[in-house]
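Reading the structure
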Amino acid sequence: ARRRGWVCNVSSMGGHAPGPGFAVYSATKAFVTSFSESLHEEVRGAGVVVTAVCPGATRTEFGDVAGALDDDLPSFLWQTADEVASDALAATAAGRAVRVTGTVNRLSAAATTVLPRYANRKISALVTSRL
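Residues numbered from 1 in each chain as written. Predicted model: local features only at pLDDT ≥ 70, side-chain atom pairs only at ≥ 80, totals over all residues. Heavy atoms only, no water.

**Here we look at unusual backbone geometry**
The residue Arg 3 is not glycine, and still its phi comes out positive at about 65 degrees. Examined against the element boundaries, Arg 3 turns out to sit in the segment before strand E1 (5-10). (Helix = DSSP H or I, 4+ residues; strand = E, 2+ residues; numbered from the N terminus.)

**With respect to the packing of aromatic side chains**
Evaluated as defined, the whole model comprises one aromatic pair. Here the aromatic rings of Phe 31 and Phe 35 are separated by 5.4 Å at their centres, their planes lie at 15 degrees, and the arrangement is stacked. Within this pair, Phe 31 and its partner Phe 35 are both found in helix H1 (residues 23-43), separated by four residues, close to a single helical turn. For Phe 31, a relative accessible area of 52% corresponds to the exposed category. (Phe/Tyr/Trp six-rings, centres within 6.5 Å; stacked < 30°, edge-to-face > 60°. Buried < 20%, exposed > 50% of the residue type's maximum accessible area, 1.4 Å probe, protein only.)

**Points about helix H5 (residues 117-128)**
For H5, with 12 residues, the first-to-last C-alpha span of 16 Å sits near the 16 Å given by 1.5 Å per residue. Residues Ala 119, Asn 120, Ser 124 and Thr 128 constitute the buried set of H5. Around the axis of H5, the buried residues are gathered within 155 degrees of arc, so they sit on the same side. The exposed set on the far side of H5, more than 90 degrees from its buried face, consists of Tyr 118 and Leu 126. Buried residues belonging to H5 abut helix H4 (103-114). (Expected span 1.5 Å × (residues − 1). Arc of directions from axis to C-beta. Contact = heavy atoms within 4.5 Å.)

None of the figures reported here should be taken as evidence of function without further support.
Encoded structure:
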């Protein structure tokens with residue numbers, strides 16, 4: 001009714017490529033991103049912004065519960081929850097449909113759009129095998 005609003009859905013880098021060993025998680029996050037992009041277009045004329053934020057490895061309780069350790073991945077891949085939240089809010093305020101947080105994650109997500117699906121599966125398998 002106010003002709004403005006914001007929705008920020010939390011997706012994941014895991015939704016950008018298959019995730020062997022994390023199939024349901026990856027598929028669910030792919031849905032969240034696609035759903036958010038669809039809604040973004042559907043409601044943009046009403047002044048509402050829908051953003052899917054796609055973080056990678058983030059130091060949170062989720063990782064603690066899942067058993068993810070800092071040394072499972074190189075340190076440059078880890079983000080803090082504050083970094084992700086700040087990036088997500090800025091992207092939503094800027095009207096972006098999707099925001100992959102972190103420079104390395106953005107490069108990785110961009111690569112998934114040009115690599116053959118076979119290569120994405122194999123690279124994802126290498127990464128998820130470390131978790």
